Amino acid sequence: MDIFSKIAAGEIPSYKVAESDEFYAFLDINPLVKGHTLVIPRREVDYFFDMDDDELARYQQFAKRVAIAIKKAFPCRKVAQVVLGLEVAHAHIHLIPMKTEADADFRKEKLKLSEEEFKEIAAKIQKEF
């Protein structure tokens, strides 16, 4: 079981913002901005495009619901959807509230947030979901 599967199963703590039987959304612990969320399938699949069309469509629909909740919780121009990451062999979508494109620059320094801040951010998104 990979690290993201352990997070979705509750074996590793996370700041959950939304979940379904198939998908799980939680705050990135190294966020670019407040509200930066990861959305994963519960099923272990390494590559986004290895998912069949129906599953991929449901994944996108779930991510869209999470993105709408993020935008309500953290007013921004748009919520970026970024699919990248080679460190964890588990498909994942980054949802990043953006006021400018610089907000989605993965080369910039990540935020250092307290546990209380993470809990507040997760609660705001959960409330809107």
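Because the structure is predicted, anything quoted here is derived from the model rather than measured. (Residues numbered from 1 in each chain as written. Predicted model: local features only at pLDDT ≥ 70, side-chain atom pairs only at ≥ 80, totals over all residues. Heavy atoms only, no water.)

Caption draft 1: Structural view of helix H2 (residues 53–73). Between its first and last C-alpha atoms H2 spans 30 Å; for 21 residues at 1.5 Å apiece the expected length is 30 Å, and the two agree. Those residues of H2 lying buried are Glu55, Leu56, Tyr59, Phe62, Ala63, Val66, Ala67, Ala69, Ile70 and Ala73. Burial along H2 is one-sided: seen end-on, the buried residues are contained in an arc of 160°. Pointing more than 90 degrees away from the buried face of H2 are the exposed residues Asp53, Asp54, Gln61, Lys64 and Lys72. Those residues of H2 that are buried are in contact with strand S1 (16–19), strand S2 (23–27), strand S3 (37–41), strand S4 (78–82), strand S5 (93–98) and helix H3 (115–128). At the N-terminal end of H2, a side-chain oxygen is found 3.1 Å from the backbone nitrogen of Asp54, two or three residues along, and the residue is Asp52. (Helix = DSSP H or I, 4+ residues; strand = E, 2+ residues; numbered from the N terminus. Expected span 1.5 Å × (residues − 1). Buried < 20%, exposed > 50% of the residue type's maximum accessible area, 1.4 Å probe, protein only. Arc of directions from axis to C-beta. Contact = heavy atoms within 4.5 Å. Polar contact = N/O pair within 3.5 Å; in protein donor to acceptor, adjacent residues only side chain to side chain.)

Caption draft 2: Here's a closer look at the environment of Ala8. Secondary-structure assignment places Ala8 in helix H1 (residues 3–8). Taking relative accessible area as the criterion, Ala8 reaches 12% and is therefore assigned buried. Here the alpha-carbon distance between Ala8 and Asp46, two residues 38 residues apart in the chain, equals 15 Å.

Caption draft 3: Quick peek at the packing of H2 against H3. Interaxial distance between H2 and H3 falls to 8 Å at its minimum, and their mutual angle equals 115°. At the point where H2 passes H3, the crossing takes the right-handed sense. The segment H2 lies against H3, with Ala69, Ile70, Lys72 and Ala73 engaging Lys124, Ile125 and Glu128. When grouped by side-chain class, the residues that make up the contact of H2 with H3 number four nonpolar, no polar and three charged. (Axes fitted to C-alpha atoms, helices over the stretch in contact; angles between N-to-C directions. Left-handed = near helix turned anticlockwise from the far one by under 90°. Nonpolar A, V, L, I, M, F, W, Y, C, P; charged D, E, K, R; others polar.)

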